[in-house]
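Chain by chain, the residues:
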Amino acid sequence: QVQLVESGGGLVQPGGSLRLSCATSGFTFSAYAMSWYRQAPGKERELVATINAIGDNTDYADSVKGRFTISRDNAKNTVYLQMNSLKLEDTAVYYCFVKRFGRIDIWGQGTQVTVSS
């Protein structure tokens, strides 16, 4: 059974940092690109960052470039999102995502990130 389990969310002040983790199981993690999405209240889910299977290529939404870093540890079957210089508008539920076989979307349950003073 494929599972994606996010952790690391919480409440942080503007300018602070958080590191999200997504522990995976049930599939060959090292064979797939992984992504982080987020969804703020009343807004559509948006792509935040993607990392390729071997971890040498990344892509980011313009809104997080220079502040967020996606990384992965294929030995631990885990993908990370380091979030620095957090802003109020980064408040959202953050989801881990993988598309298997080019057509099957797998989502984690999400972790809440709240940026507030």
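Report on the accompanying structure. For every chain, the first residue of the written sequence is number 1, and numbering continues from 1 along that sequence. Local features are withheld for residues below a pLDDT of 70 in this predicted model, meaning they are given only at 70 or higher, and side-chain atom pairs are given and counted only at 80 or more; totals for whole chains, interfaces and linings count all residues. Side-chain numbers come from the whole structure's heavy atoms, not from hydrogens or water.

Note: strand β9 (residues 92–100) against strand β10 (residues 104–107), four bridges, orientation antiparallel. Each residue of the ladder has a partner; that of Val-98, found in β10, is Ile-106. A strand pair is defined by DSSP finding two or more bridges across the two strands. Labels follow the DSSP assignment, with helices taken as runs of H or I lasting at least four residues and strands as runs of E lasting at least two, numbered in each case from the N terminus. Hairpin connection from β9 to β10: three residues lie between these consecutive antiparallel strands, with Phe-101 at a positive phi of about 55 degrees.

The working definition used for a salt bridge is a side-chain nitrogen of Lys or Arg within 4 Å of a carboxyl oxygen of Asp or Glu. Using the criterion set out here, one finds five salt bridges in the structure. Among the ionic pairs, Lys-65 bridges to Asp-62, the shortest N-O distance being 3.2 Å. A simple rule labels every residue: compare its accessible area, found with a 1.4 Å probe on the protein chains alone, to the largest value its type can have, and call it buried under 20%, exposed over 50%, or partly exposed in between. When its relative accessible area of 47% is taken as the criterion, Lys-65 is described as partly exposed. We note a salt bridge from Asp-90 to Arg-67, for which the minimum N-O separation is 2.7 Å. With Asp-90 in the loop between β8 (78–83) and β9 and Arg-67 in the loop between β6 (58–60) and β7 (68–73), this pair connects stretches of sequence that are 23 residues apart. Neither Asp-90 nor Arg-67 differs from the other in exposure class; each is buried. Counted as one network, the salt bridges with shared partners bring together Arg-38, Glu-46, Arg-67 and Asp-90.

The backbone of Asn-77 sits at a positive phi, close to 55 degrees, despite the residue not being glycine. As for its placement among the helices and strands, Asn-77 is situated in the loop between β7 and β8. Since its relative accessible area comes to 29%, Asn-77 is described here as partly exposed.

What follows covers the sheet that holds strand β3 (residues 18–25). Within the open sheet, the four strands sit side by side as β1-β3-β8-β7. Their pairing is antiparallel. Two strands bound the open sheet, and with one partner strand each, they are β1 (3–7) and β7. Across the sheet, the mean angle from the axis of one strand to that of its neighbour is 15 degrees, orientation sign disregarded. Axis lines are fitted through C-alpha atoms, for helices just across the contact stretch, and the angle between N-to-C directions can take any value from 0 to 180 degrees.

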